[in-house]
Amino acid sequence: MATFETSAPAGASPRRAQQDRRLVRYPLIAAALTVLTWLIVIPVINVFYEALKNGPSQYWKTLVGDPDTIAAIKLTLSVAPVAVLSNIVFGMAAAWAIARFRFRGRGLLTSMIDLPFAISPVVAGLIFVLLFGLQGYYGQWLRDHDIKILFALPGLIIVTSFVTLPFVARELIPLMEAIGDEEETAAVSLGARSWQLFWRVTLPNIKWGLLYGTILCNARAMGEFGAVYVVSGRITGQTDTLPLRVEKLFQEYDQPASFVVASLLCSLALVTLAAKTFLEWKTRRDLVARQEAPEDDLTAPLALPGLVPAMAGVPGGGGFAGPAASVVVKEQGPASQGRSTGQSHRSVEIGERGGGGPSQRRPDPSSVGISVRGVTKRFGSFTALDDIHLDVPDGSLLALLGPSGSGKTTLLRIIAGLELPERGTIHYRDEDATRKSPRNRNVGFVFQHYALFRHMSVFENVAFGLRVRKWPEDRIRKRVRELLDLVQLSSLEQQSPAQLSGGQRQRIALARALAPDPKLLLLDEPFGALDARVRTELRTWLRKLHHEIGLTSVLVTHDQEEAFEVADQIVVMNRGRIEQSGTASEIFEHPANSFVLDFLGNVNVFHGRVEAGRAHVGGLELSYPDYPHEESRPAKAYVRPHELEIDRYPRGGSCLRGTLTRVGRSGAVIKAEVLSEEFGIPLAVEVAQDRWTEMSLEQGDTVYVFPKRLRVFIHDYQI
Ligand code: ADP
Ligand code: MG
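A. Up close: the site of ligand 1. Close to ligand 1 lie Phe-379, Phe-382, Ala-384, Pro-403, Ser-404, Gly-405, Ser-406, Gly-407, Lys-408, Thr-409 and Thr-410, which account for all nearby residues. The contact in question runs from an oxygen atom of ligand 1 to an N or O atom on the backbone of Gly-405, over 2.6 Å. Taking Thr-410, its side chain carries an N or O atom lying 2.5 Å from an oxygen atom of ligand 1. Coverage of ligand 1 by the protein chains reaches 58% of its 560 Å² of free accessible surface.

The following block contains the structure:
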């Protein structure tokens, strides 16, 4: 209510606004209360009043003294539970199918579930009379086999199940869709069998919704009148349920007794209402608790126990700090540099950073940890992976790098056994794992959105993979504590995932994946959902962790900085294919094609053409022996900002004239922007601080830009 008062429009007199609102508010509330009182409260109280007006002992006598009423109570108590049970089974199956699978007819199934709500119960009863009655479709057959459905218990159960069918499914479908299948996938990756998955993950997540649906369903099943009226034949003492009994007593002018039985049904309704309110309150409270996750605390930096505290001495550990620092380009004229498509940039010497193997415990390249051979995966007509071949050396960390939708996750899931390939094989060391279940593969999988089990404590999350493998309790305790120490979160053992920050959640997810001592560790954009600072911190930490445990690992990322910093080997993917694989230096210095160059970014692109062994890019002409043909073809030329030199005067040779439009600084490097006269595009140029000071250039000056190296790629051209 208070929100009405505070939201008075600016400028209007608040007093008047409040009065106006009150004028509307109070009559509305009064009207609603009046309607509720007259239509609901008074009639319900009246039922109890009428039932109890001759005293409790008379009430009790009326209730238990009439054998027909007792029979009605018994009948209702037998019909309702069976109907509820069939409802639960159907509801869970339907919700699972609809929320977890995409199939033809899914929309139709979803609408069909509501049909029993839309049909009048009397009509529902008639439908079954038409099916099972003597003149009905199955009537003769049922009589021949002496099976009685109408005017008997089976008929009552069938119609009651029919009219209550949507209750559980309607509750569960949106709930299961909202929860998603991430936790279930995580459980499968941790080795849970189907029933363990259901009991330990799915059911605890949906239990309140399920209970809610069940309670509503039960109330409706006990109170059903119309459909039951039609199929029961109303045989006193045999097929009369409670609602039918109320009606019959009323028709027989036995009002007191009819009110006594009615009060029973009313009590049931009130209990249902109370339970429903409690469950709603509980669900809301859980939701609120889930939303109150703390921020990541970056004041206490992560350090792995027993590890070198600073990463400065570990090559690659401090980040791929600009390739210019580690690469010496032989001084050559641009003309002789320009010959290249494919893997032809071999005119470069790699400095001490080269080789890209940041790990001290160097992987043994002779032994292969994971081998992917000819893997193809289609989703319908869409090819998500196209003939992938990949080797991950034992003990190394490989990054799958590529834009969104390039098939990285699909490949990782196939390696983990969460998805099956159409073609191709997966080997772990020498063992063929292609058809093995995730449980038998023993792979640790870390998901982008953590996928922690929300209903379990941190301890139980880490213990999950051990419990499903039936480890003894004392070993579980020991192992979980070890892992929590490793990720430095021992103090949070009893917390629930909702109470953790994003960074902490991901460390727990990592501990959970490592607990069953997996053969491989697969990480799918593990830091993608974290903010930039936490991300940087965690990837340095992951690098150290990998260094420490030396587990063959695959990291999926679309962030090249992450890949370059963390991985020994990088595989660049695009549209389900591998564009290039190699070390960070190889990929950065010898991009295999224009996709890789474009993807790495921070590069100047020119459009030109090639013909007869020469490449023409504006006024620049270079030798390009890889394309000897006479036919002219369009080509793209790439030059990185640090591969452009800048000067006040043309020095002869190939250069581009332009105007200095902007000057910025990034550390000891000056970042200049030169508007090329010929191409009409701004060129990014990076110059060392000393050289810049020497030239004393100002914005607006005319300058000349010299490419030290130009990479030329012909569109769709393979040598
Ligand atoms: P990435 O992880 O590189 O972003 P994915 O492997 O998730 O890419 O997906 C690759 C492509 O396959 C995407 O275009 C995606 O839409 C499609 N895809 C992935 N999973 C499914 C699926 N279960 N059904 C249909 N298409 C899918
Ligand atoms: Mg992905």
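B. Highlighting the pairing of strand E13 (residues 604-611). Side chains of E13 alternate between two faces, with Asn-604, Phe-606, Gly-608 and Val-610 buried and Val-605, His-607, Arg-609 and Glu-611 left unburied. In terms of strand pairing, E13 meets strand E16 (residues 633-639) through 7 bridges, oriented antiparallel. Bridge pairing links His-607 to Lys-636 in E16. In terms of strand pairing, E13 meets strand E14 (residues 614-617) through 3 bridges, oriented antiparallel. Across the sheet, Glu-611 pairs through a bridge with Arg-614, a residue of E14. The turn linking E13 back onto E14 is made up of 2 residues, and Ala-612 within it adopts a positive phi angle of 45 degrees.

C. Here's a closer look at the packing of aromatic side chains. This structure, assessed with the given rule, holds 14 aromatic pairs. Ring centres of Phe-132 and Tyr-138 lie 6.1 Å apart, and the angle between their planes is 35 degrees; on these two criteria the pair is classed as tilted. Measuring from ring centre to ring centre gives 5.9 Å for Phe-278 and Trp-281, while their planes differ by 35 degrees; the resulting arrangement is tilted. Residue Phe-278 and its partner Trp-281 are located together in helix H15 (residues 255-291), separated by 3 residues, close to a single helical turn. Look at Phe-278 and you get partly exposed, because its relative accessible area is 42%. Members of the aromatic cluster, joined through ring pairs, are Phe-128, Phe-132, Tyr-138 and Phe-162. The ring of Tyr-26 has Arg-25 sitting right over it, with the charged end atom 5.2 Å from the ring centre. Its guanidinium or amino end placed over the ring of Phe-453, Arg-512 lies 4.6 Å from that ring's centre, counting from NZ or CZ.

Parameters at a glance
Residues numbered from 1 in each chain as written. Chains lettered and ligands numbered in written order. Predicted model: local features only at pLDDT ≥ 70, side-chain atom pairs only at ≥ 80, totals over all residues. Heavy atoms only, no water. Near = heavy atom within 4 Å. Polar contact = N/O pair within 3.5 Å; in protein donor to acceptor, adjacent residues only side chain to side chain. Areas by Shrake-Rupley, 256 points an atom, 1.4 Å probe, with all protein chains shown as cover. Buried < 20%, exposed > 50% of the residue type's maximum accessible area, 1.4 Å probe, protein only. Helix = DSSP H or I, 4+ residues; strand = E, 2+ residues; numbered from the N terminus. Pairing = 2+ DSSP bridges. Phe/Tyr/Trp six-rings, centres within 6.5 Å; stacked < 30°, edge-to-face > 60°. Lys NZ or Arg CZ within 6 Å of the ring centre and 35° of its normal.

Fair warning: the whole summary comes from geometry, so function is off the table for now.
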